[in-house]
Amino acid sequence: MNKETEKSLNTVLEALRGQHVIAYPTEAVFGLGCDPDSEQAVEALLALKKRPKDKGLILIADNYQQLLPYIDDSSLTEQQLAHVVSFWPGPVTWVMPAKSSTPDWLTGRFTSLAVRVTDHPLVKELCQKFGKPLVSTSANLNGQSPCRLSEEVRLQFGKDFPVLDGDVGGRDNPSEIRDALTGNLIRQG
């Protein structure tokens, strides 16, 4: 990791700990993220995106264990769970039953939560150092295209917006979303 990337990693970690919204590269586009346990941070992210709270959000993690405080995998069969984890790490997001303790600022109007174990090295490191998953939604203002470069993030959100500088992965489209219970495709990747 070069010095500039390392400096931006420390900046976004500080912002996350201060309950602020950050941007970071994912498999296809930049994502906006925050601490999933901070209602204040999630509300700020939703306001920034002009996204309704009832739609629910995605959590992106370094490993499956980071997701366990938020999801209830006990309602999945061994085969269903094995199928889900066979796609990880990677660009497939799975909608899984949420624990009853998972706050509605993450689940929206649903009893489920969309989760992904990423294979993007910078996001993995960010989640490792933060010690938990991040909220993940595309980095773009309402009506604008998702950002693919850190410069585009700064143009849309301001030059002082905390951005983890790095390259997005080589995917053309945001992650595929599937239902863990049925295997049905919700959003094409």
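Computed from a prediction, not measured in an experiment: that's the story for all the values here.

A. Representation of the packing of aromatic side chains. If you walk through the whole model with that rule in mind, you get 3 aromatic pairs. Between the aromatic rings of Phe157 and Phe161, the centroid separation amounts to 5.2 Å while the plane-to-plane angle is 35°, which identifies the pairing as tilted. Like Phe157, the residue Phe161 is buried in the burial classification.

B. Representation of the pattern of salt bridges within the structure. In total, this model carries 11 salt bridges according to the counting rule given. Of the charged contacts in the structure, one is a salt bridge between Lys53 and Glu43, with a shortest N-O distance of 3.7 Å. Here Lys53 is found in the loop between α2 (39–49) and β3 (58–61), whereas its partner Glu43 is found in helix α2, with 10 residues between them in sequence. On the accessibility criterion, Lys53 (33% relative accessible area) is partly exposed. With a shortest N-O distance of 3.8 Å, Lys53 and Asp104 are connected by a salt bridge. Linking Lys53 in the loop between α2 and β3 with Asp104 in helix α4 (residues 104–107), this pair joins segments that are 51 residues apart in sequence.

C. Broad picture of the pairing of strand β1 (residues 22–25). Along β1, one buried face is formed by Ile22 and Tyr24 and the opposite face, lined by Ala23 and Pro25, is buried too. Where β1 and strand β2 (residues 30–33) come together, 4 bridges link them in antiparallel fashion. Looking across to β2, one finds that Ala23 is bridged to Leu32. Between β1 and β2, which pair antiparallel and follow one another directly, the connecting turn spans 4 residues.

D. Structural view of the environment of Val42. Examined against the element boundaries, Val42 turns out to sit in helix α2. Each C-alpha atom, one on Val42 and one on Val135, is 7.9 Å from the other, the two residues being 93 residues apart in sequence. Ignoring sequence-local partners within four residues, the contact set of Val42 consists of Cys34, Asp35, Pro36, Leu57, Trp105, Leu106 and Val135.

E. Seen up close, unusual backbone geometry. Residue Trp88 is joined to Pro89 through a cis peptide bond whose omega torsion reads -10°. Tracing the chain through its elements places Pro89 in the loop between α3 (78–85) and β4 (92–97). Of note, Gln19 is a non-glycine position whose phi angle comes to about 65°, a positive value. Considering the arrangement of structural elements, one finds Gln19 in the loop between α1 (3–17) and β1.

F. Looking closely at the nonpolar core. Core analysis: the biggest nonpolar cluster contains 37 residues, and Leu67, Trp88, Met96 and Val153 have the highest contact counts within it. Elements with a minimum of two residues in this core: β2, α2, β3, β4, α4, β5 (112–117) and α6 (150–157). It is α2 that contributes the most residues to this core, 4 residues altogether. Not counting the four nearest positions on each side in its chain, Val153 is found in contact with Ala23, Phe30, Ala139, Cys147, Gly158, Phe161 and Val163. Judged by nonpolar contacts, the second largest core, of 15 residues, contains Ala15, Tyr24, Ile60 and Leu164.

G. How the structure looks around the sheet that holds strand β8 (residues 185–187). An order of β1-β2-β6-β3-β5-β4-β7-β8 is seen for the 8 strands of this open sheet, with the pairing classed as mixed. In this open sheet, the two strands that pair with only one neighbour each are β1 and β8. Direction aside, the axes of adjacent strands within the sheet are offset by 40° on average. Here strand β7 (residues 176–179) runs beside β8; their pairing, made up of 2 bridges, is antiparallel. Residue pairing in the sheet places Arg178 in a bridge with Leu185 of β8. Across the sheet, α2 touches β2 and β6 (134–138), and the angle it forms with β6 is around 0°. Contacting β1, β3 and β6, helix α5 (residues 121–130) crosses the sheet at an angle of about 135° to β1.

Cut-offs and rules
Counting restarts for each chain: residues are numbered from 1 in the order of the written sequence. The predicted nature of this model means local features are confined to residues of pLDDT at least 70 and side-chain atom pairs, given and counted, to a pLDDT of 80 or more, with totals for whole chains, interfaces and linings taken over all residues. Side-chain metrics in this entry use all non-hydrogen atoms of the structure; hydrogen atoms and water are not considered. The rule is short: rings of Phe, Tyr and Trp, with Trp giving its six-membered ring, pair when the centres are within 6.5 Å, and they are stacked under 30 degrees, edge-to-face over 60, tilted in between. Summary of the burial criterion: residues with accessible area below 20% of their type's maximum are buried, those above 50% are exposed, and those between are partly exposed, where the area comes from a 1.4 Å probe applied to protein chains only. Whenever Lys or Arg places a side-chain nitrogen within 4 Å of a carboxyl oxygen from Asp or Glu, that contact is recorded as a salt bridge. Here a helix means four or more residues in a row that DSSP labels H or I, a strand means two or more in a row labelled E, and each is numbered from the N terminus. Note on pairing: DSSP must find at least two bridges between two strands before they are called paired. The contact criterion used throughout is that any non-hydrogen atoms of two residues lie within 4.5 Å. Among buried residues, those of type Ala, Val, Leu, Ile, Met, Phe, Trp, Tyr and Cys that are joined through side-chain atoms within 4.5 Å constitute a nonpolar core. Fitting a line to C-alpha atoms yields each axis, with helices limited to the stretch in contact; the angle taken between N-to-C directions then spans 0 to 180 degrees.

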